[in-house]
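Residue strings, one per chain:
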Amino acid sequence: MNYRIVDVFTDVPLAGNGLCVVTDPVSDESLMQAIAREVNLSETTFVTRTGDASYDVRIFTPGGELPFAGHPSLGSAWVMGPGRWTQRSLGATVTIEATAEGATMSAPDPKLTEVYPEDGARAVGLPEASVAKAFVADVGGMGFLVLPTEAPVDALRPDQAAVAAAAKAVGVPGVGVVRRLDDRSLHARVFVPGAGIVEDPGTGSAAGAFGLLARRLWPSMEAGLTIFQGAEIGRPCRIEVYAEAGKVRVGGRVAACAEGRFSWS
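Below is a summary of the structure that appears in this document. (Residues numbered from 1 in each chain as written. Predicted model: local features only at pLDDT ≥ 70, side-chain atom pairs only at ≥ 80, totals over all residues. Heavy atoms only, no water.)

With that out of the way, let us pick up unusual backbone geometry. Of note in the backbone geometry, L14 takes a positive phi value of approximately 65° without being a glycine. Within the secondary structure layout, L14 lies in the loop between β1 (2–8) and β2 (17–22). A positive phi is found at N40, a non-glycine position, where the angle reads about 65°. Looking at where N40 falls in the secondary structure, it is placed in the loop between α1 (29–39) and β3 (43–51). (Helix = DSSP H or I, 4+ residues; strand = E, 2+ residues; numbered from the N terminus.)

If you want it as structure tokens, here you go:
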């Protein structure tokens, strides 16, 4: 089976958020999961059906299948080639514009629910007073506990067991922390122990929620903004977001990294 590895939210290889895209059809879910464990990137995708400007995709982490995810959607469309694609995953159907340089998707609007922030703040190592509000964001069936903060997030040392417990308590696999840098940019970090990801380099599925929440909490934020993520783990990502309810778009550059074939006996 042929595969390609691309790096999303960057214009250079070996940065951004890596993605393995298996382009030959696969129907065996246990094989999909085994390949995702072997690759051991945040996600591996399997294009299971192609049509006229459309395709179906399955998305796996090393720990299990996801209903929807952002950077795998963008990277898969980029591998499919330039054009306007309709992508269907288990949790969402989205439209993605792919060019030679990158891809942008019309993202599902997140469902946002305010929750009590204390456990999440402690779990990631933030002072409780720095997180006045917390939210559960559901995007195409992929959920995050989102902690907006005014405190620096560069040096966070999360307790992974506590992060998993805080996320599980509100029924989601991961916790995202987002800080306003200025009126056009945010700094984010995302931890997804429930999907086997200690820290995600660039989280496209959460980016729209980050942008909409930032504009709600910090009214001077502009609709077009940039999210910086992943530098703390050596995988810097630049995520471009247009944050307006009903018109959310998430995109970024994509760089080719590797290609090859899987074989087994």
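There's plenty left to go through after this.
Before going further, it helps to spend a moment on the environment of V6. On the secondary structure map, V6 appears in strand β1. Linking V6 and A243, residues 237 residues apart in sequence, is a C-alpha distance of 26 Å. Residues contacting V6, with those up to four places away along its chain left out, are N17, G18, L19, G75, W78, V79, V254, A255, A256 and C257. (Contact = heavy atoms within 4.5 Å.)

Bringing the pairing of β1 into the picture now. Across the 7 residues that make up β1, a large majority, 5, are buried. Looking at chain direction, β1 and strand β17 (residues 249–261) are connected through 7 bridges and run antiparallel. In the sheet register, D7 faces β17, and the bridge partner there is A255. Note that β1 and β2 share 6 bridges and pair antiparallel. Paired with R4 across the two strands is V21, which belongs to β2. (Buried < 20%, exposed > 50% of the residue type's maximum accessible area, 1.4 Å probe, protein only. Pairing = 2+ DSSP bridges.)

Before going further, it helps to examine helix α5 (residues 204–217). The first and last C-alpha atoms of α5 sit 20 Å apart over 14 residues, in line with the 20 Å expected at 1.5 Å per residue. Burial runs high along α5: 11 of the 14 residues are buried. Taken residue by residue, α5 has G204, S205, A206, A207, G208, A209, F210, G211, L212, L213 and A214 as its buried positions. (Expected span 1.5 Å × (residues − 1).)

Take the packing of aromatic side chains next. Summed over all chains, the structure comprises 3 aromatic pairs. Centre to centre, the rings of Y55 and W85 are 5.8 Å apart; their planes meet at 70°, and the pair counts as edge-to-face. Taken together, the residues span a long stretch of sequence, with Y55 in strand β4 (residues 54–61) and W85 in strand β6 (residues 83–88) at a distance of 30 residues. Here the two residues Y55 and W85 agree in accessibility, since each one is buried. (Phe/Tyr/Trp six-rings, centres within 6.5 Å; stacked < 30°, edge-to-face > 60°.)

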